[in-house]
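Take a look at the letters that make up each chain.
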Amino acid sequence: MTNVAATPSTALDRGIRIGNREITSTVTSEVVDPYAGTVIGRVSQASADQALDAVSAAYQALDQPIPAHERAAILDRIAHGLVERREELAAMICTEVGKPISMARGEVDRAVTTYQLSSAVARLRSNSTVAMDATVAGEGKLGYLVGRPIGVVTAITPFNFPLNLVAHKLAPALAAGCPVVLKPAPQGPFSAFLLADICEAAGLPEGYLSVVPGDPREISAAIIEDPRVAAISFTGSAAVGWHIASTAPRKKVLLELGNASPAIVEPDADLDRAAALLTPNAFGFAGQTCVSVQRVYAHADIHDALVEKLIERSGGIGVGDPRNAEVTCGPVIDDGAAERTLDAIGQATELGASVHTGGERRSDGVLPPTILSGVSQRSDLMQKEAFAPVLSVLAVDGFDQAVEFANDSVYGLQAAIFTSDISKALRATERLDFGGVLVNEAPAFRTDNMPYGGVRDSGNTKEGPEWTAAELTVNRLCILSK
């Protein structure tokens, strides 16, 4: 096995990017390789005044609107730039957040698609007419709607997809004509800076993208509460997301939050297919995705057989150095995340769960794929988001109990059912209280053009270029009288 992603040979240093200007600060934050534990670079931290400067640059950019055809062309050129720098971007994602290199390349490829889709949105979005003569008062009048950009958008992104989740905020915003002030995750900011370089090279006008790393306590008033910010798009924890919404009650706040993804496996399911889909989607990137498979409710008749198949499949998961092409389960983001996971596993065992694989950190610090059975529905592994390579299995006595347990969560992003009974599958789509329900597919499934989002503490919006661009558009009604 060979290592195919190189760690940067020299330390990286980036500043605060306001429009196309990058300035440094005496206050910096270290970025640490989560596998090697070494510092890979430092990023300047914005002051409140610098964050305000970024908002000002974005607000001023609205005075120079970009025609739709030009926005589309810029988005296409950004996609091309991502293709040209694919290996550099993938290596950066791998190094700064520990994403296995094969998955990091996949993230770059997905980001390319996100920009291409957003280009199509910019070109094809159309205005609509209003049937004014449907009422007596409207007779003799022409009414139509014109889509206008909502205004400045603040985008706040997490570490786990440092390129493509930025793309899902930036690309649709640009398609709608909105400038963006981006606060990247402190664990993985360098990918965002590389993207900003690509955007500038693609001809994105001054002010349409600023990258503002910083302490939320210092810059929140500027990037969230400033009246010139019209919309906030946030991906991260439920606690932070709803706090942002509470501090900006008069703004449009788009939230994509956490989940504890459940999968129901019925006795008539194809168990080999279920195990083949659930295992990599529980342990890939150490389970650090919003829809990573976390909870499995297996009918008692097939519970033991399914657990055995999951254990067997987990043995084929490559674990270790994310630079290795054969690894798909690398480190969790930091020691704090690892310790929280071990505490949750310990609590589950105290409540009667059995650990079949993993459960302890290896000598290199990596937490390997961990499978538990007999996990209490009241345990943290069933009730909270794990964000770790942990799969919990619980036997249920039938479909109704499985649905009840799956819905017994504050989260509601995506859920899945494995069954060969179409009637049961349709009942699941009606009764599972989630933003997305998948049949005979892992709940982690996502394509970048689909409407992706949840309910309850999983958020309040649907992501996907077409849907996000619509959220960031204000329809202006125009009426002409004869």
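Just above, that's the structure.
It should be emphasised that the depicted structure is a prediction, and the values quoted were computed from it without experimental measurement.

> Talk me through helix 6 (residues 190–201); I want residue IDs and the actual numbers.
At 3.6 residues per turn, the α-helix brings residues three or four places apart onto the same side. With 12 residues, helix 6 should reach 16 Å at 1.5 Å per residue; the first-to-last C-alpha distance of 17 Å fits that figure. Burial within helix 6 is extensive, with nine of its 12 residues counted as buried. Within helix 6, burial applies to Phe-190, Ser-191, Ala-192, Phe-193, Leu-194, Leu-195, Ala-196, Ile-198 and Cys-199. In the segment just after helix 6, Gly-203 is the residue with positive phi, at about 95°.

> Explain the side chain of Thr-461 to me, using residue names and the numbers behind them.
Tracing the chain through its elements places Thr-461 in the loop between strand 21 (455–456) and helix 15 (465–471). Within the structure, Thr-461 has its side chain in polar contact with the side chain of Glu-471 (distance 3.1 Å). Ignoring any residue separated from it by four or fewer positions in sequence, one finds Thr-461 in contact with Leu-254, Leu-255, Tyr-452, Gly-453, Gly-454 and Glu-471.

> Residues and numbers for empty space enclosed by the protein, please.
Summed over all chains, the structure comprises three cavities of 30 Å³ or more. For the largest cavity, the calculated volume is near 50 Å³. Lining the largest cavity, in full, are Asn-259, Gly-287, Thr-289, Cys-290, Val-291, Ser-292, Val-293, Gln-294, Glu-385, Ala-386, Phe-387 and Ala-388. When grouped by side-chain class, the residues that make up the lining of the largest cavity number six nonpolar, five polar and one charged.

> Please set out the sheet that holds strand 19 (residues 414–418) residue by residue, giving values where relevant.
Judged by pairing direction, the sheet is mixed, and its seven strands sit side by side in the order 15-16-17-14-13-19-20 without closing on themselves. Only two strands of the sheet have a single partner each, and these edge strands are strand 15 (354–357) and strand 20 (436–439). Taking the axes of each pair of neighbouring strands and ignoring which way they run, one obtains an average angle of 20° across the sheet. Across four bridges, the pairing between strand 16 (residues 370–373) and strand 17 (residues 390–396) is parallel. By the bridge assignment for strand 17, Thr-370 is matched with Val-390. Helix-sheet contacts for helix 14 (residues 422–431) involve strand 19 and strand 20, and the interaxial angle to strand 20 is about 165°.

> Report on a nonpolar patch on the surface, specifying residues and quantitative values.
A contiguous nonpolar surface patch, about 240 Å² in accessible area, is contributed by Val-130, Leu-477 and Ile-479. Given a relative accessible area of 45%, Ile-479 falls into the partly exposed group.

What counts, and where the lines are drawn
- Residues numbered from 1 in each chain as written.
- Predicted model: local features only at pLDDT ≥ 70, side-chain atom pairs only at ≥ 80, totals over all residues.
- Heavy atoms only, no water.
- Helix = DSSP H or I, 4+ residues; strand = E, 2+ residues; numbered from the N terminus.
- Expected span 1.5 Å × (residues − 1).
- Buried < 20%, exposed > 50% of the residue type's maximum accessible area, 1.4 Å probe, protein only.
- Polar contact = N/O pair within 3.5 Å; in protein donor to acceptor, adjacent residues only side chain to side chain.
- Contact = heavy atoms within 4.5 Å.
- 1 Å grid on protein atoms, 1.4 Å probe; cavity = no way out; pocket = protein on both sides within 12 Å on 5 of 7 lines; lining within 4 Å.
- Points joined across faces, edges and corners; volume = space filled by probe spheres on them.
- Nonpolar A, V, L, I, M, F, W, Y, C, P; charged D, E, K, R; others polar.
- Pairing = 2+ DSSP bridges.
- Axes fitted to C-alpha atoms, helices over the stretch in contact; angles between N-to-C directions.
- Patch = residues over 30% accessible without salt bridge, like charges linked within 9 Å, V, L, I, M, F, W, Y side chains within 5 Å.
- Areas by Shrake-Rupley, 256 points an atom, 1.4 Å probe, with all protein chains shown as cover.
- Salt bridge = Lys/Arg side-chain N within 4 Å of Asp/Glu carboxyl O.

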